[in-house]
Amino acid sequence: MVAPTRSERRRTARFPFTASVELHHGPSRRHFHARSTDVSGGGMRMWIPATAPVRVGQSVRVELPEFDLPHLTPLSGQAVTGTVVHVDRDALLTTGRRA
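Residues numbered from 1 in each chain as written. Predicted model: local features only at pLDDT ≥ 70, side-chain atom pairs only at ≥ 80, totals over all residues. Heavy atoms only, no water.

**A look at the nonpolar core**
Nonpolar side chains in soluble globular proteins generally cluster together in the buried interior. Grouped together as the largest cluster of nonpolar side chains are 18 residues, with contacts concentrated most on Phe17, Leu23, Met46, Ile48 and Val54. At the level of elements, strand S1 (14-25), strand S2 (30-40), strand S3 (43-49) and strand S4 (59-63) are the ones that each hand at least two residues to this core. In terms of residues, this core owes the most to one element, S1, which gives 4 residues. (Core = buried A, V, L, I, M, F, W, Y, C linked by side-chain atoms within 4.5 Å. Buried < 20%, exposed > 50% of the residue type's maximum accessible area, 1.4 Å probe, protein only. Helix = DSSP H or I, 4+ residues; strand = E, 2+ residues; numbered from the N terminus.)

**What to know about the pairing of S2**
The side chains of a regular strand alternate between both faces of the sheet. In the sheet, S1 pairs with S2 via 10 bridges, with the strands oriented antiparallel. Bridging from a neighbouring strand, Ala19 pairs with Ser36 of S2. Linking S1 to S2, which pair antiparallel, is a turn of 4 residues; within it Arg29 sits at a positive phi near 60 degrees. As paired strands, S2 and S3 are joined by 5 bridges and run antiparallel to one another. (Pairing = 2+ DSSP bridges.)

**Topic: the environment of His31**
Looking at the element boundaries, His31 is found in strand S2. The exposure class assigned to His31 is partly exposed, which follows from its relative accessible area of 48%. For His31 and Val62, which are 31 residues apart along the polypeptide, the C-alpha to C-alpha distance reads 9.6 Å. A distance of 2.4 Å separates the side chain of His31 from the side chain of His24, its partner in a polar contact. (Polar contact = N/O pair within 3.5 Å; in protein donor to acceptor, adjacent residues only side chain to side chain.)

Set out below in structure tokens:
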């Protein structure tokens, strides 16, 4: 589990979860390869390509791979929909990816 920071807003524990995922961006109807870094009961942090036109408040769907993690088993191999709540522009400038 990742320790919460001062800016942490998640209400449930965050667990490391590194996997390739497919991001479907609703507004543009485009698909992007992304990489998850951690997951909680309320969300997922991931790296996405800088070309993905993702903005806070937009709808996305993430297709997850098959995996064997006891606390996340119901999500294995599923497509999960959600809303973008944070985009790290600093990461875009320093690494060429958005978090």
